[in-house]
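Structure assessment
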Amino acid sequence: MAHIEIVEVGPRDGLQNESTLVSTDAKIELIERSIAAGARRIEATSFVHPRLVPHMADAEAVMAGVPRRADVSYIGLVLNRRGFDRAAVAGVDEVNIVVVASETFAQRNQSATVQETVDACVAIAQSAREAGIKSTATIAVAFGCPFEGEVDPAGVLGLVGQVADAGVDEIALADTIGVGTPNQVRHLVAGSAARAPGVPLRMHFHNTRNTGYANAIAALEAGVPVLDASTGGIGGCPFAPAATGNIATEDLVYMLERMGVETGLDAASLISTAQWLGGYLGDEVPSLLTKAGLFPR
Ligand code: ZN
(Lines give C-alpha, C1' and ligand atoms only; values in the text may rest on other atoms or scores of the structure.)
Protein backbone atom coordinates (compact mmCIF):
# COMPACT_ATOMS: atom_id res chain seq x y z
CA MET A 1 0.00 0.00 0.00
CA ALA A 2 1.44 3.38 -1.02
CA HIS A 3 -0.76 5.51 1.22
CA ILE A 4 -2.46 5.20 4.60
CA GLU A 5 -4.64 7.71 6.41
CA ILE A 6 -3.84 8.55 10.02
CA VAL A 7 -6.57 9.88 12.32
CA GLU A 8 -5.06 12.11 15.01
CA VAL A 9 -6.68 11.08 18.30
CA GLY A 10 -4.39 13.02 20.65
CA PRO A 11 -6.91 15.74 21.55
CA ARG A 12 -9.41 13.08 22.71
CA ASP A 13 -7.81 9.74 23.62
CA GLY A 14 -4.48 11.43 24.28
CA LEU A 15 -5.60 14.00 26.80
CA GLN A 16 -8.40 12.19 28.60
CA ASN A 17 -6.08 10.19 30.83
CA GLU A 18 -3.57 12.91 31.76
CA SER A 19 -3.27 13.99 35.38
CA THR A 20 -3.00 17.60 34.17
CA LEU A 21 -6.35 19.12 33.25
CA VAL A 22 -5.61 20.70 29.87
CA SER A 23 -7.11 24.09 29.09
CA THR A 24 -9.51 24.55 26.18
CA ASP A 25 -6.99 26.90 24.54
CA ALA A 26 -4.24 24.28 24.73
CA LYS A 27 -6.55 21.66 23.19
CA ILE A 28 -7.34 24.02 20.34
CA GLU A 29 -3.64 24.75 19.91
CA LEU A 30 -2.93 21.01 19.73
CA ILE A 31 -5.59 20.67 17.03
CA GLU A 32 -4.21 23.65 15.08
CA ARG A 33 -0.70 22.22 15.29
CA SER A 34 -1.98 18.83 14.09
CA ILE A 35 -3.58 20.48 11.06
CA ALA A 36 -0.34 22.34 10.34
CA ALA A 37 1.48 18.98 10.44
CA GLY A 38 -0.94 17.65 7.81
CA ALA A 39 -3.69 15.95 9.84
CA ARG A 40 -7.05 16.05 8.05
CA ARG A 41 -9.14 13.82 10.31
CA ILE A 42 -8.94 14.70 13.97
CA GLU A 43 -10.77 13.15 16.92
CA ALA A 44 -11.26 16.47 18.64
CA THR A 45 -13.19 15.57 21.78
CA SER A 46 -15.80 13.30 23.31
CA PHE A 47 -19.36 14.09 24.30
CA VAL A 48 -19.57 12.08 27.50
CA HIS A 49 -20.84 13.01 30.94
CA PRO A 50 -18.41 15.52 32.51
CA ARG A 51 -18.62 13.68 35.83
CA LEU A 52 -17.22 10.54 34.17
CA VAL A 53 -14.56 12.18 32.00
CA PRO A 54 -13.86 15.67 33.43
CA HIS A 55 -11.11 16.24 30.83
CA MET A 56 -13.71 16.43 28.08
CA ALA A 57 -16.21 18.70 29.88
CA ASP A 58 -15.35 21.52 27.46
CA ALA A 59 -16.31 19.57 24.31
CA GLU A 60 -18.62 22.33 23.03
CA ALA A 61 -16.03 25.03 23.69
CA VAL A 62 -13.34 23.06 21.85
CA MET A 63 -15.57 22.59 18.82
CA ALA A 64 -16.52 26.28 18.88
CA GLY A 65 -12.84 27.26 18.85
CA VAL A 66 -11.31 25.03 16.19
CA PRO A 67 -10.63 26.38 12.71
CA ARG A 68 -13.31 25.23 10.27
CA ARG A 69 -11.92 24.15 6.93
CA ALA A 70 -13.47 22.20 4.09
CA ASP A 71 -10.51 19.79 4.05
CA VAL A 72 -10.48 19.02 7.80
CA SER A 73 -12.95 16.61 9.37
CA TYR A 74 -13.59 16.74 13.13
CA ILE A 75 -14.71 13.63 14.95
CA GLY A 76 -16.60 13.59 18.24
CA LEU A 77 -16.72 10.40 20.29
CA VAL A 78 -20.16 9.49 21.63
CA LEU A 79 -21.51 6.70 23.82
CA ASN A 80 -25.24 7.36 23.68
CA ARG A 81 -28.10 9.43 22.28
CA ARG A 82 -27.48 12.39 24.57
CA GLY A 83 -23.84 12.51 23.45
CA PHE A 84 -24.85 12.33 19.80
CA ASP A 85 -27.31 15.21 20.20
CA ARG A 86 -24.61 17.36 21.82
CA ALA A 87 -22.10 16.44 19.09
CA ALA A 88 -24.55 17.31 16.33
CA VAL A 89 -25.30 20.71 17.87
CA ALA A 90 -21.58 21.36 18.32
CA GLY A 91 -21.09 20.82 14.59
CA VAL A 92 -18.89 17.74 14.37
CA ASP A 93 -18.27 16.33 10.90
CA GLU A 94 -18.20 12.73 12.13
CA VAL A 95 -19.22 10.76 15.18
CA ASN A 96 -17.29 7.83 16.60
CA ILE A 97 -19.80 5.56 18.33
CA VAL A 98 -18.39 3.15 20.91
CA VAL A 99 -19.62 -0.44 20.94
CA VAL A 100 -18.05 -2.70 23.55
CA ALA A 101 -16.98 -6.32 23.05
CA SER A 102 -17.09 -7.47 26.71
CA GLU A 103 -19.92 -7.26 29.24
CA THR A 104 -17.81 -6.07 32.19
CA PHE A 105 -16.12 -3.33 30.19
CA ALA A 106 -19.48 -2.23 28.77
CA GLN A 107 -20.75 -1.83 32.35
CA ARG A 108 -17.65 0.05 33.55
CA ASN A 109 -17.27 2.27 30.48
CA GLN A 110 -20.88 3.14 29.76
CA SER A 111 -23.17 1.36 32.26
CA ALA A 112 -24.73 -0.76 29.53
CA THR A 113 -24.83 -4.32 28.25
CA VAL A 114 -22.98 -5.21 25.05
CA GLN A 115 -26.30 -5.46 23.23
CA GLU A 116 -27.37 -2.04 24.55
CA THR A 117 -24.18 -0.53 23.09
CA VAL A 118 -25.05 -2.12 19.74
CA ASP A 119 -28.65 -0.90 19.91
CA ALA A 120 -27.46 2.64 20.68
CA CYS A 121 -25.06 2.44 17.72
CA VAL A 122 -27.84 1.36 15.36
CA ALA A 123 -30.05 4.27 16.42
CA ILE A 124 -27.24 6.85 16.37
CA ALA A 125 -25.97 5.69 12.96
CA GLN A 126 -29.43 6.33 11.54
CA SER A 127 -29.68 9.80 13.11
CA ALA A 128 -26.19 10.61 11.87
CA ARG A 129 -27.12 9.64 8.34
CA GLU A 130 -30.21 11.85 8.49
CA ALA A 131 -28.11 14.74 9.81
CA GLY A 132 -25.41 14.32 7.15
CA ILE A 133 -22.80 13.33 9.75
CA LYS A 134 -20.42 10.48 8.96
CA SER A 135 -20.38 7.64 11.46
CA THR A 136 -17.78 5.19 12.68
CA ALA A 137 -18.50 2.32 15.05
CA THR A 138 -15.49 1.60 17.25
CA ILE A 139 -15.49 -1.83 18.85
CA ALA A 140 -13.68 -1.35 22.17
CA VAL A 141 -11.61 -4.06 23.88
CA ALA A 142 -11.67 -6.06 20.63
CA PHE A 143 -8.26 -7.59 21.43
CA GLY A 144 -8.69 -8.25 25.15
CA CYS A 145 -10.50 -6.95 28.23
CA PRO A 146 -8.91 -5.62 31.42
CA PHE A 147 -11.56 -7.39 33.50
CA GLU A 148 -12.48 -10.55 31.55
CA GLY A 149 -9.18 -11.29 29.79
CA GLU A 150 -9.55 -13.01 26.44
CA VAL A 151 -12.29 -11.68 24.19
CA ASP A 152 -13.71 -14.23 21.75
CA PRO A 153 -12.88 -13.05 18.20
CA ALA A 154 -16.09 -14.67 16.96
CA GLY A 155 -18.01 -12.34 19.26
CA VAL A 156 -16.10 -9.33 17.94
CA LEU A 157 -16.85 -10.36 14.36
CA GLY A 158 -20.51 -10.79 15.27
CA LEU A 159 -20.50 -7.14 16.40
CA VAL A 160 -18.75 -6.14 13.17
CA GLY A 161 -21.63 -7.70 11.26
CA GLN A 162 -24.24 -5.96 13.39
CA VAL A 163 -22.72 -2.48 13.09
CA ALA A 164 -22.20 -2.98 9.36
CA ASP A 165 -25.90 -3.80 9.05
CA ALA A 166 -26.59 -0.54 10.92
CA GLY A 167 -25.05 1.28 7.98
CA VAL A 168 -22.04 2.92 9.63
CA ASP A 169 -19.54 4.49 7.22
CA GLU A 170 -16.50 2.91 8.87
CA ILE A 171 -15.71 0.25 11.47
CA ALA A 172 -12.81 0.64 13.89
CA LEU A 173 -11.35 -2.17 15.96
CA ALA A 174 -9.77 -0.89 19.16
CA ASP A 175 -7.06 -2.48 21.25
CA THR A 176 -8.16 -0.32 24.16
CA ILE A 177 -5.64 -1.73 26.65
CA GLY A 178 -2.76 -2.54 24.30
CA VAL A 179 -2.69 -6.33 24.58
CA GLY A 180 -3.09 -7.22 20.89
CA THR A 181 -0.61 -9.00 18.64
CA PRO A 182 -0.19 -9.08 14.84
CA ASN A 183 -1.76 -12.52 14.38
CA GLN A 184 -4.93 -11.21 16.07
CA VAL A 185 -4.88 -8.21 13.73
CA ARG A 186 -4.68 -10.44 10.66
CA HIS A 187 -7.46 -12.69 11.94
CA LEU A 188 -9.84 -9.85 12.83
CA VAL A 189 -9.15 -7.90 9.62
CA ALA A 190 -9.81 -10.94 7.44
CA GLY A 191 -12.94 -11.79 9.43
CA SER A 192 -14.20 -8.20 9.26
CA ALA A 193 -13.70 -8.06 5.50
CA ALA A 194 -15.85 -11.20 5.25
CA ARG A 195 -18.55 -9.90 7.65
CA ALA A 196 -18.63 -6.31 6.41
CA PRO A 197 -17.52 -6.31 2.77
CA GLY A 198 -17.03 -2.81 1.41
CA VAL A 199 -17.05 -1.07 4.81
CA PRO A 200 -13.66 0.62 5.38
CA LEU A 201 -11.74 -0.58 8.44
CA ARG A 202 -9.83 1.58 10.86
CA MET A 203 -7.56 0.28 13.62
CA HIS A 204 -6.87 1.82 17.02
CA PHE A 205 -3.73 0.60 18.79
CA HIS A 206 -2.19 1.38 22.15
CA ASN A 207 1.48 0.64 22.72
CA THR A 208 1.07 -0.51 26.32
CA ARG A 209 3.05 -3.72 25.76
CA ASN A 210 5.17 -2.49 22.84
CA THR A 211 3.10 -4.36 20.25
CA GLY A 212 1.34 -1.28 18.85
CA TYR A 213 3.67 -0.62 15.91
CA ALA A 214 3.91 -4.29 14.93
CA ASN A 215 0.11 -4.33 14.96
CA ALA A 216 0.02 -1.20 12.79
CA ILE A 217 2.24 -2.87 10.19
CA ALA A 218 0.14 -6.03 10.30
CA ALA A 219 -2.93 -3.86 9.65
CA LEU A 220 -1.20 -2.02 6.81
CA GLU A 221 -0.15 -5.29 5.20
CA ALA A 222 -3.68 -6.64 5.58
CA GLY A 223 -4.98 -3.65 3.59
CA VAL A 224 -6.45 -1.52 6.41
CA PRO A 225 -6.73 2.04 5.01
CA VAL A 226 -6.92 4.03 8.28
CA LEU A 227 -4.93 4.01 11.54
CA ASP A 228 -5.40 6.03 14.72
CA ALA A 229 -2.39 7.57 16.46
CA SER A 230 -1.72 10.32 18.99
CA THR A 231 1.04 12.90 18.78
CA GLY A 232 3.61 12.16 21.47
CA GLY A 233 2.05 8.75 22.11
CA ILE A 234 0.03 10.12 25.01
CA GLY A 235 -3.28 8.65 26.06
CA GLY A 236 -5.21 5.85 27.67
CA CYS A 237 -8.63 4.94 28.89
CA PRO A 238 -9.76 6.21 32.30
CA PHE A 239 -11.88 3.05 32.73
CA ALA A 240 -9.08 0.58 32.04
CA PRO A 241 -6.53 0.03 34.82
CA ALA A 242 -2.90 0.69 33.79
CA ALA A 243 -3.85 1.78 30.30
CA THR A 244 -1.15 3.77 28.52
CA GLY A 245 -0.69 5.71 25.35
CA ASN A 246 -1.72 5.29 21.76
CA ILE A 247 0.94 4.57 19.17
CA ALA A 248 2.71 7.89 18.59
CA THR A 249 1.88 9.68 15.36
CA GLU A 250 5.48 10.79 14.74
CA ASP A 251 6.99 7.35 15.40
CA LEU A 252 4.42 5.75 13.09
CA VAL A 253 4.96 8.37 10.37
CA TYR A 254 8.74 7.89 10.56
CA MET A 255 8.43 4.16 9.95
CA LEU A 256 5.82 4.47 7.20
CA GLU A 257 7.79 7.16 5.38
CA ARG A 258 10.94 5.03 5.43
CA MET A 259 8.82 2.20 4.00
CA GLY A 260 7.63 4.44 1.16
CA VAL A 261 4.08 4.69 2.52
CA GLU A 262 2.63 8.19 2.28
CA THR A 263 0.69 9.68 5.20
CA GLY A 264 0.49 13.37 4.28
CA LEU A 265 1.98 14.17 7.69
CA ASP A 266 5.24 15.95 8.45
CA ALA A 267 7.27 14.10 11.08
CA ALA A 268 9.44 17.09 12.03
CA SER A 269 6.38 19.19 12.70
CA LEU A 270 4.83 16.37 14.77
CA ILE A 271 8.02 16.10 16.84
CA SER A 272 7.94 19.77 17.73
CA THR A 273 4.27 19.50 18.70
CA ALA A 274 5.01 16.45 20.86
CA GLN A 275 7.80 18.35 22.60
CA TRP A 276 5.51 21.33 23.17
CA LEU A 277 2.88 18.96 24.57
CA GLY A 278 5.40 17.35 26.92
CA GLY A 279 6.36 20.81 28.15
CA TYR A 280 2.73 21.69 28.76
CA LEU A 281 1.98 18.43 30.57
CA GLY A 282 5.18 18.70 32.57
CA ASP A 283 6.43 15.26 31.61
CA GLU A 284 8.29 13.51 28.79
CA VAL A 285 5.90 12.07 26.21
CA PRO A 286 6.28 8.35 25.40
CA SER A 287 7.27 8.74 21.74
CA LEU A 288 10.87 7.89 20.82
CA LEU A 289 11.34 10.31 17.92
CA THR A 290 11.09 13.20 20.39
CA LYS A 291 14.31 11.81 21.89
CA ALA A 292 16.12 10.22 18.92
CA GLY A 293 15.12 12.63 16.15
CA LEU A 294 14.68 11.87 12.47
CA PHE A 295 16.98 9.84 10.19
CA PRO A 296 20.37 11.56 10.23
CA ARG A 297 21.13 13.74 7.24
ZN1 ZN B 1 -7.76 4.39 22.91
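A brief report on the enclosed structure follows. (Residues numbered from 1 in each chain as written. Predicted model: local features only at pLDDT ≥ 70, side-chain atom pairs only at ≥ 80, totals over all residues. Heavy atoms only, no water.)

1. A closer look at the pairing of strand β3 (residues 73-78)
Defined as follows: Burial classification: accessible surface area is computed with a 1.4 Å probe over protein chains only, and a residue below 20% of its type maximum counts as buried, one above 50% as exposed, and the rest as partly exposed. Secondary structure elements are defined from DSSP: runs of H or I of at least 4 residues count as helices, runs of E of at least 2 residues count as strands, and each element is numbered from the N terminus. Following DSSP output, two strands are said to pair if at least two bridges run between them. Handedness of a crossover: with both strands directed away from the viewer, a clockwise path from the first strand across the helix to the second marks it as right-handed.
Judged by how many residues are buried, β3 sits mostly within the fold: six of six residues are covered. Side-chain alternation along β3 places Ser73, Ile75 and Leu77 on one buried face and Tyr74, Gly76 and Val78 on a second face that is also buried. Relative to β3, strand β2 (residues 41-47) is paired through six bridges, and the arrangement is parallel. Opposite Glu43, over in β3, you have Ile75 as the bridge partner. Assessed by its sense of winding, the connection that carries the chain from β2 through helix α3 (residues 59-65) to β3 is right-handed.

2. Some details on helix α4 (residues 81-90)
Condition: This arc is taken over the directions from the axis of the helix to the C-beta atoms. The contact criterion used throughout is that any non-hydrogen atoms of two residues lie within 4.5 Å. Identification of polar contacts relies on pairs of N or O atoms within 3.5 Å, with a donor-acceptor requirement for protein atoms, meaning one able to donate a hydrogen and the other able to accept it, and with residues adjacent in sequence counted only if both atoms are side-chain atoms.
Buried residues of α4: Gly83, Phe84, Arg86, Ala87 and Ala90, and no others. When α4 is viewed along its axis, its buried side chains cluster within an angular range of 165° and face the same direction. Seen from the open side of α4, the exposed residues pointing more than 90 degrees away from its buried face are Arg82 and Val89. Considering only its buried residues, α4 is in contact with β2, α3, β3, β4 (94-100) and α6 (114-131). For α4, the N-terminal cap is Asn80; the gap from its side-chain oxygen to the backbone nitrogen of Arg82 is 3.4 Å. Phi turns positive one or two residues past the end of α4, at Gly91, with a value near 85°.

3. Side note on the coordination of the zinc ion
We count it as follows: Only nitrogen, oxygen and sulfur atoms count as donors, using a 2.8 Å cut-off from the metal that widens to 3.2 Å for Na, K and Ca. Water is left out, so coordination shells may look unfilled.
Within the protein, the zinc ion binds to Asp13 (OD), His204 (NE2) and His206 (NE2); these donor distances fall in the range 1.9 to 2.1 Å. Under the relative-accessibility criterion, His204 is labelled buried at 6%. What makes His206 buried here is its relative accessible area of 2%.

4. With respect to the packing of α6 against helix α7 (residues 153-165)
The criterion, for reference: To get an axis, a line is fitted to the C-alpha atoms, and for a helix only the part in contact is used. The angle between two axes follows their N-to-C directions and goes from 0 to 180 degrees. Relative orientations are named as follows: roughly parallel for angles under 35 degrees, roughly antiparallel for angles over 145 degrees, roughly perpendicular for angles from 65 to 115 degrees, and oblique for any other angle. Handedness of a crossing is defined here by the sense of rotation of the near helix relative to the far one, left-handed for an anticlockwise turn of less than a right angle and right-handed for a clockwise turn. Lys, Arg, Asp and Glu make up the charged group, whereas Ala, Val, Leu, Ile, Met, Phe, Trp, Tyr, Cys and Pro make up the nonpolar group; the residues left over, Gly among them, are polar.
At their nearest, the axes of α6 and α7 sit 9 Å apart, and the two run at 25° to each other. Relative to α7, the element α6 is oriented roughly parallel. The handedness of the crossing between α6 and α7 comes out as right-handed. Residues Val114, Gln115, Val118 and Cys121 of α6 pack against Leu159, Gln162 and Val163 of α7. For the contact of α6 with α7, the residue count by class is five nonpolar, two polar and no charged.

5. Thoughts on helix α9 (residues 212-221)
When you tally the buried positions in α9, you get eight out of ten residues, the bulk of the element. Along α9, the residues classified as buried are Gly212, Tyr213, Asn215, Ala216, Ile217, Ala218, Ala219 and Leu220. Two residues or fewer after α9 comes Gly223, characterised by a positive phi angle close to 95°.

6. Overview of the pattern of salt bridges
What counts, and what does not: Within this document, salt bridges are pairs made up of a side-chain nitrogen of Lys or Arg and a carboxyl oxygen of Asp or Glu, the two lying within 4 Å of each other.
All chains considered together, the criterion is met by 15 salt bridges. For Asp58, the salt bridge goes to Lys27, with nearest N and O atoms at 2.7 Å. Of the two residues, Asp58 sits in the loop between β2 and α3 while Lys27 sits in helix α2 (residues 24-36), which places them 31 residues apart along the sequence. As far as burial versus exposure is concerned, Asp58 and Lys27 are alike and both buried. Between Asp85 and Arg81 there is a salt bridge, with the nearest N and O atoms lying 3.7 Å from each other. One end of the pair is Asp85 and the other is Arg81, both in helix α4 and four residues apart, which spans about a single turn. Shared partners join several salt bridges into a network, and the residues in it are Glu5, Arg12, Asp13, Arg41, Glu43, Glu94, Glu170, Arg202 and Asp228.

7. Considerations on the side chain of Asn215
Relative to the assigned elements, Asn215 resides in helix α9. Other than its neighbours up to four places away in sequence, Asn215 contacts Asp175, Gly180, Thr181, Pro182, Val185 and Phe205.

8. A look at the nonpolar core
Across soluble globular proteins, you tend to see nonpolar side chains buried next to one another. As a reminder of what qualifies: What is meant by a nonpolar core is a set of buried Ala, Val, Leu, Ile, Met, Phe, Trp, Tyr and Cys residues, joined one to another through side-chain atoms within 4.5 Å.
Ile171, Leu173 and Met203 are the most contacted members of the largest nonpolar core, which totals 93 residues. Setting aside residues up to four positions removed in sequence, Ile171 forms contacts with Ala137, Ile139, Val160, Val163, Ala164, Ala196, Val199, Pro200, Leu201 and Arg202.

9. With respect to the packing of aromatic side chains
The condition is simple: Between 30 and 60 degrees the pair is tilted, below 30 it is stacked and above 60 it is edge-to-face, where a pair is any two Phe, Tyr or Trp rings, Trp via its six-membered ring, whose centres lie within 6.5 Å. Comment: the charge-over-ring label is applied if NZ (Lys) or CZ (Arg) is within 6 Å of the ring centre and within 35 degrees of the ring normal.
Going through the model one piece at a time under the given rule, you end up with three aromatic pairs. A centroid spacing of 6.4 Å and a plane angle of 35° characterise the contact between Trp276 and Tyr280, whose relative ring orientation is tilted. One end of the pair is Trp276 and the other is Tyr280, both in helix α11 (residues 267-281) and four residues apart, which spans about a single turn. The exposure class assigned to Tyr280 is partly exposed, which follows from its relative accessible area of 33%. Of note, Arg108 hangs over the ring of Phe147, and the distance from its end group to the ring centre comes to 4.2 Å. The ring of Phe295 has Arg258 lying over it, and the distance from NZ or CZ to the ring centre is 3.6 Å.

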